[in-house]
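Descriptive analysis of the structure
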Amino acid sequence: MVKNKSKFSAKDVMFEVYGIVLLTISFITLARYGAIGRNLTYLSRFIIGTFDFLIPFFGIFLAIYIMLKKEWPKKWSYRMTGFTLILLAIFVFNQQLTFQDTKNLTSYYILERTWELLLKEMYLPLPTDVGSGMLGAILYAVLYFMFDNIGTRIVLLAAILSGFLLLTGFTYSSFFEKLKSSFLAKKDFLQRKFSSLSASLGKETVFTEESQETDMLEKPLIHYFTEKNFPFENT
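Overview of the structure.

**Overview of the side chain of S26**
- With respect to the secondary-structure elements, S26 resides in helix α1 (residues 2-31).
- In contact with S26, other than residues within four places in its own chain, are P56, G59 and I60.

**Some details on a nonpolar patch on the surface**
- Taken together, the side chains of V13, M14, V17, Y18, V21, I25 and W72 make up a nonpolar region of the molecular surface, amounting to roughly 600 Å² of accessible area.
- Note that V21 resides in helix α1.

**Remarks on the packing of helix α5 (residues 107-121) against helix α6 (residues 133-168)**
- Axis separation between α5 and α6 bottoms out at 8 Å; the angle between their running directions is 170 degrees. Taken together, the axes of α5 and α6 are roughly antiparallel relative to one another. In this structure, α5 crosses over α6, and the sense of that crossing is right-handed. Facing S107, I110, L111, T114, W115 and L118 of α5, the residues of α6 in contact are G133, M134, A137, I138, Y140, A141, Y144 and F145.
- Counted by class, the contact of α5 with α6 contains 11 nonpolar, three polar and no charged residues.

**Quick look at the packing of aromatic side chains**
- Per the stated rule, a full pass over the model turns up eight aromatic pairs.
- Here Y140 and Y144 contribute two aromatic rings whose centre-to-centre distance is 6.0 Å and whose plane-to-plane angle is 65 degrees, an arrangement assigned as edge-to-face. In this pair, Y140 and Y144 are both assigned in helix α6, four residues apart and thus about one turn of the helix distant.
- An aromatic cluster is present here, built from F15, Y18 and W72 joined pairwise through their rings.

**Considering the nonpolar core**
- A89, V92, F99, L105, I110, A137, Y140, A141, L143, Y144, L156 and A159 together form the largest nonpolar core, which totals 12 residues.
- Within the residue set of this core, elements represented by two or more residues are α4 (78-98) and α6.
- The dominant element in this core, judged by the number of residues it contributes, is α6, at seven residues.
- If sequence neighbours within four positions are ignored, L105 has contacts with F99, I110, Y140 and Y144.
- Counting five residues, the second-largest nonpolar core is a separate cluster that includes Y42, L117, L118 and V130.

**Things to note about the pattern of salt bridges**
- In this structure the tally under the stated criterion is five salt bridges.
- Here R32 makes a salt bridge to D52, at a shortest N to O gap of 3.9 Å. In this pair, R32 sits in the loop between α1 and α2 (34-48) while D52 sits in the loop between α2 and α3 (54-69), placing the two residues 20 residues apart along the sequence.
- Under the relative-accessibility criterion, R32 is labelled partly exposed at 37%.

**Some points on the environment of L40**
- Secondary-structure assignment places L40 in helix α2.
- Taking the C-alpha atoms as reference points, L40 and S26, separated by 14 residues in sequence, lie 9.2 Å from one another.

Definitions and limits used
Residues numbered from 1 in each chain as written. Predicted model: local features only at pLDDT ≥ 70, side-chain atom pairs only at ≥ 80, totals over all residues. Heavy atoms only, no water. Helix = DSSP H or I, 4+ residues; strand = E, 2+ residues; numbered from the N terminus. Contact = heavy atoms within 4.5 Å. Patch = residues over 30% accessible without salt bridge, like charges linked within 9 Å, V, L, I, M, F, W, Y side chains within 5 Å. Areas by Shrake-Rupley, 256 points an atom, 1.4 Å probe, with all protein chains shown as cover. Salt bridge = Lys/Arg side-chain N within 4 Å of Asp/Glu carboxyl O. Axes fitted to C-alpha atoms, helices over the stretch in contact; angles between N-to-C directions. Parallel < 35°, antiparallel > 145°, perpendicular 65-115°, else oblique. Left-handed = near helix turned anticlockwise from the far one by under 90°. Nonpolar A, V, L, I, M, F, W, Y, C, P; charged D, E, K, R; others polar. Phe/Tyr/Trp six-rings, centres within 6.5 Å; stacked < 30°, edge-to-face > 60°. Core = buried A, V, L, I, M, F, W, Y, C linked by side-chain atoms within 4.5 Å. Buried < 20%, exposed > 50% of the residue type's maximum accessible area, 1.4 Å probe, protein only.

What follows is the structure, given as structure tokens:
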């Protein structure tokens, strides 16, 4: 029992050590401290371009996870698939914006120009627009070769919609059903309100006519004659 307990404790300690090391590397990369930090940042930009900050953030999340769970992530869920689809669609769309003013665009030029921008940035003091790195360039080049620009945007829209479904578990059919039910409920409510308003207006009209008739009947006859100007009163 003591031997098993010591092995379990050693495993926990090792996972915490992994987490601390991963946290340290992630923070150094995020802050670009020293040659290691700058090179890791450049490596991140080489992979995903202007979204390089996502890699150290992912490292921080992974470090916290293994320190708390004492294990590496094992399961791949449909929510993670949805998140990945949305993220990749954003990468490709950003890469497409980088080349939106380029004429006579080809898939080879997308890869070649992105590679040149990344190599040139190594010697610049400030970061430049490199799109979504080589990952975005490869995905965009493949999609552009298969579907052209407009077709690529349609594919990206489909990927985002599908990713949203997988990420949230929400279906568009249920959304339209709820929208239809809400519309019918409001329609019935307005019809009832209109019917009740029409009925109340009809009752007020009848009541006004009846009150006028009652006033005419109850008016004194002497008062009626005093209001008339007969001819003999002026002679």
